[in-house]
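Now for the letters of each chain:
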Amino acid sequence: MALYIVKDVIVDHYRDEISSAYSTSSHYGVLNSGEFDHAITELWKAARVDGLTRDFFNTLVEYEVKAHGVEPEVTTFLQQAA
């Protein structure tokens, strides 16, 4: 049971970090994809060490980006990066 709690804490942490990366990469309502990509790449390096799979991490990224009401171009960018 403790393992599930730790996993939930890790997932919540990365979900928050991804959301923060999206917010800080958006300027005047426009996402700077280079900034976002750099932030996500750095987060992925840490998430991999923490035991997250690439597919699961990508799912978290897609979920958080969609939660921000992302424009279709960013969704296409995320699909190509996967």
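Report on the accompanying structure. (Residues numbered from 1 in each chain as written. Predicted model: local features only at pLDDT ≥ 70, side-chain atom pairs only at ≥ 80, totals over all residues. Heavy atoms only, no water.)

A short note on the pattern of salt bridges
(1) Moving on: Scanning all chains against the criterion turns up 3 salt bridges.
(2) Moving on: Residue arginine 15 is joined to aspartate 12 by a salt bridge in which the shortest nitrogen-to-oxygen separation is 3.3 Å. One end of the pair is arginine 15 and the other is aspartate 12, both in helix H1 (residues 2-25) and 3 residues apart, which spans about a single turn.
(3) Moving on: A residue is classified by how much of its surface remains accessible, and arginine 15, at 28% relative accessible area, is partly exposed.
(4) Moving on: Put simply, Asp12, Arg15 and Glu64 are held in one network by salt bridges that share partners. (Salt bridge = Lys/Arg side-chain N within 4 Å of Asp/Glu carboxyl O. Helix = DSSP H or I, 4+ residues; strand = E, 2+ residues; numbered from the N terminus. Buried < 20%, exposed > 50% of the residue type's maximum accessible area, 1.4 Å probe, protein only.)

Considerations on the side chain of glutamate 64
(1) Moving on: When you line up the elements, glutamate 64 lands in helix H3 (residues 54-67).
(2) Moving on: Take glutamate 64: its relative accessible area is 8%, and that puts it in the buried class.
(3) Moving on: Apart from the residues within four sequence positions on either side, glutamate 64 is in contact with Arg15, Ile18 and Ser19. (Contact = heavy atoms within 4.5 Å.)

A look at the environment of valine 65
(1) Moving on: In this fold, valine 65 is placed in helix H3.
(2) Moving on: C-alpha of valine 65 to C-alpha of alanine 21: the two residues are 44 residues apart in sequence and 9.9 Å apart in space.

Observations concerning the packing of helix H2 (residues 33-49) against H3
(1) Moving on: Interhelical geometry of H2 versus H3 gives an angle of 140° and a closest axis separation of 11 Å. One way to sum up the angle between H2 and H3 is to call them oblique. The crossing of H2 and H3 is right-handed. Between H2 and H3, the contacting residues are Phe36, Ile40, Leu43, Trp44 and Ala47 on the first element and Arg54, Phe57, Val61 and Val65 on the second. (Axes fitted to C-alpha atoms, helices over the stretch in contact; angles between N-to-C directions. Parallel < 35°, antiparallel > 145°, perpendicular 65-115°, else oblique. Left-handed = near helix turned anticlockwise from the far one by under 90°.)

Interpretation note: all reported values are geometric properties and have no functional meaning in isolation.
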